[in-house]
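Here are the chains, one letter per residue:
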Amino acid sequence: MIKNAPFQAHTNRGILTLTIKNAKASLKDIYNILVKTSPIIRELLKGEDEHAFVKQGHILAFFCEDVAREAALNTFLHLRTEPNKDAKIKITVDADESVHFHNLYCEINMTLGELMAYLK
């Protein structure tokens, strides 16, 4: 039946970068924000785990700008108690398109205080 046919989709690999300057954020904080935002490639997955990983990626499919917004939201949620509102936040997403003949790039560059004001 048609209703049982799989959805058509494509997956994109990309690079999500989060830079936080002048805040008390540790590498563990940055890792936790990034892993909450986007699936991180797992080179050591076994075959049965790959299916679940790819399926989850399609369920939570994001466009390039969606990934940047999600990273901004998770940064806000993780650092909202940070006292230094002048800390600089830079989020970049560079997505390799798997279907189209172009790649995508998105950037958010602001202070933590500006991010907090924008997301409140």
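Residues numbered from 1 in each chain as written. Predicted model: local features only at pLDDT ≥ 70, side-chain atom pairs only at ≥ 80, totals over all residues. Heavy atoms only, no water.

A closer look at helix 3 (residues 64-79)
Okay, so step 1: For helix 3, built from 16 residues, the straight-helix expectation of 22 Å at 1.5 Å per residue is met to within 8% by its first-to-last C-alpha distance of 23 Å.
Okay, so step 2: Of all the residues in helix 3, the buried ones are C64, V67, A68, A71, A72, N74, T75, F76 and L79.
Okay, so step 3: Considering only its buried residues, helix 3 is in contact with strand 1 (13-21), helix 1 (27-37), strand 2 (88-96), strand 3 (104-111) and helix 4 (112-119). (Helix = DSSP H or I, 4+ residues; strand = E, 2+ residues; numbered from the N terminus. Expected span 1.5 Å × (residues − 1). Buried < 20%, exposed > 50% of the residue type's maximum accessible area, 1.4 Å probe, protein only. Contact = heavy atoms within 4.5 Å.)

Brief notes about the sheet that holds strand 1
Okay, so step 1: Taken together, three strands build an open sheet; the order of strands is 1-2-3 and the sheet is antiparallel. Strand pairing shows two members of the sheet lacking a second neighbour, strand 1 and strand 3, which therefore form its edges. Strand-to-strand twist in this sheet, taken as the mean axis angle between neighbours without regard to direction, amounts to 5°.
Okay, so step 2: Alignment of strand 1 against strand 2, held across nine bridges, turns out to be antiparallel. Among the inter-strand pairings, I15 is bridged to a residue of strand 2, identified as D94.
Okay, so step 3: Helix-sheet contacts for helix 3 involve strand 1, strand 2 and strand 3, and the interaxial angle to strand 2 is about 150°.
Okay, so step 4: Its contacts with the sheet put helix 4 on strand 2 and strand 3, and the angle it makes with strand 3 is roughly 105°. (Pairing = 2+ DSSP bridges. Axes fitted to C-alpha atoms, helices over the stretch in contact; angles between N-to-C directions.)

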